[in-house]
Amino acid sequence: MALRPILIAPDPVLKQVSLPVTAVTDETRRLMDDMLETMYAAPGIGLAAIQIGEAKRIIVIDVGKDKPGADESDDEDKKKEKDPDPMYFVNPEIVWASDEKVMCEEGCLSVPDLYEEVERPTRVRVRFVDYHGKQREIDCEGMLAVCIQHEMDHLEGVLFIDHLSRLKREMMLKKLQKARKRETV
Ligand code: NI
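Not measured: the values here are computed from a predicted model. (Residues numbered from 1 in each chain as written. Predicted model: local features only at pLDDT ≥ 70, side-chain atom pairs only at ≥ 80, totals over all residues. Heavy atoms only, no water.)

Colleague: For the overall build of the protein chain, give the residues involved together with the corresponding values.
Modeller: From N to C terminus, the protein chain includes 4 helices and 9 strands. When the helices and strands of the protein chain are placed in sequence order, the string is α-β-β-β-α-β-β-β-β-β-β-α-α. Against the 2.2 N^0.38 benchmark of 16 Å for 185 residues, the protein chain shows a C-alpha radius of gyration of 17 Å, consistent with a compact globule. C-alpha atoms of the protein chain, sized along the principal axes, occupy 50 × 45 × 35 Å. Among the 185 residues that make up the protein chain, the fraction classed as buried is 41%. Accessible area for the protein chain stands at about 10900 Å²; split by element, carbon and sulfur atoms hold 50% of it. When the 28 basic and 37 acidic side-chain charges of the protein chain are each reduced to a single mean position, those positions are 6 Å apart. (Helix = DSSP H or I, 4+ residues; strand = E, 2+ residues; numbered from the N terminus. Rg over C-alpha atoms; globule rule 2.2 N^0.38 Å. Buried < 20%, exposed > 50% of the residue type's maximum accessible area, 1.4 Å probe, protein only. Areas by Shrake-Rupley, 256 points an atom, 1.4 Å probe, with all protein chains shown as cover. Lys, Arg positive; Asp, Glu negative; His and termini not counted. Charge placed at Lys NZ, Arg CZ, Asp CG, Glu CD.)

Structure representation (structure tokens):
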């Protein structure tokens, strides 16, 4: 596995539409392993292949899963602790989305340290090919639903800041530029 540099907005590569993967091969799995390692190191909870410069319809996500017995614990901090739960999505498609929507604060490894609320369907059903090349379908809600919709936007060259007003988006891009200038000085 290897860590890969993450592209930062407004890098034009992030605007590219990613291409479908024709078959899940060992090479695809190596890319998914690299993506997961890069995401964990960042740290983040989701990453699309285009964010490391690969225009392929591949996403990795880990929103964690509850530890066994967490419900019975009296310790509030213990309840919030999660076990790792890496998920891999190749060629994901949303086959159903709820009419009900939810506002959720989002961030992005390609838009570092900036957060803003975005409205999206509360629940979605996603069809995809998994790590082993098997076609699957899952229902997503909560954090996973938000995360997968955010990552699937990346496959179309869309960032979460593209859901905001032009004024807000330009303000965020300016902040990113300023932060980068500070880093290079
Ligand atoms: Ni993102």
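Colleague: Requested: an account of the pairing of strand E5 (residues 87-97), with residues and values cited.
Modeller: Bridge count between strand E2 (residues 58-61) and E5: 4 bridges; the pairing is antiparallel. Counterpart to Ile59 in the pairing with E5 is Phe89. As defined by bridge partners, E5 adjoins strand E8 (residues 124-129) across 5 bridges and the pair is classed as antiparallel. By the bridge assignment for E8, Trp96 is matched with Arg125. (Pairing = 2+ DSSP bridges.)

Colleague: Could you give an account of the layout of surface pockets, naming the residues involved and the relevant values?
Modeller: Approximately 400 Å³ is the volume attributed to the largest pocket. Along the walls of the largest pocket sit 21 residues, with Ile45, Gly107, Cys108, Leu109 and Tyr115 positioned nearest its centre. Counting residues per element, the ones that place at least two in the lining of the largest pocket are strand E6 (101-108), strand E7 (111-121) and helix H3 (142-155). Top contributing element to the lining of the largest pocket by residue count: H3, with 6 residues. Residues that form the lining of the largest pocket fall into these classes: 11 nonpolar, 6 polar and 4 charged. Roughly 230 Å³ of volume is contained in the second largest pocket. Taken together, Ile8, Pro112, Asp113, Leu114, Lys175, Leu176, Lys178, Ala179, Arg180, Arg182 and Glu183 form the lining of the second largest pocket. Those elements giving two or more residues to the lining of the second largest pocket turn out to be E7 and helix H4 (166-184). Top contributing element to the lining of the second largest pocket by residue count: H4, with 7 residues. (1 Å grid on protein atoms, 1.4 Å probe; cavity = no way out; pocket = protein on both sides within 12 Å on 5 of 7 lines; lining within 4 Å. Points joined across faces, edges and corners; volume = space filled by probe spheres on them. Nonpolar A, V, L, I, M, F, W, Y, C, P; charged D, E, K, R; others polar.)

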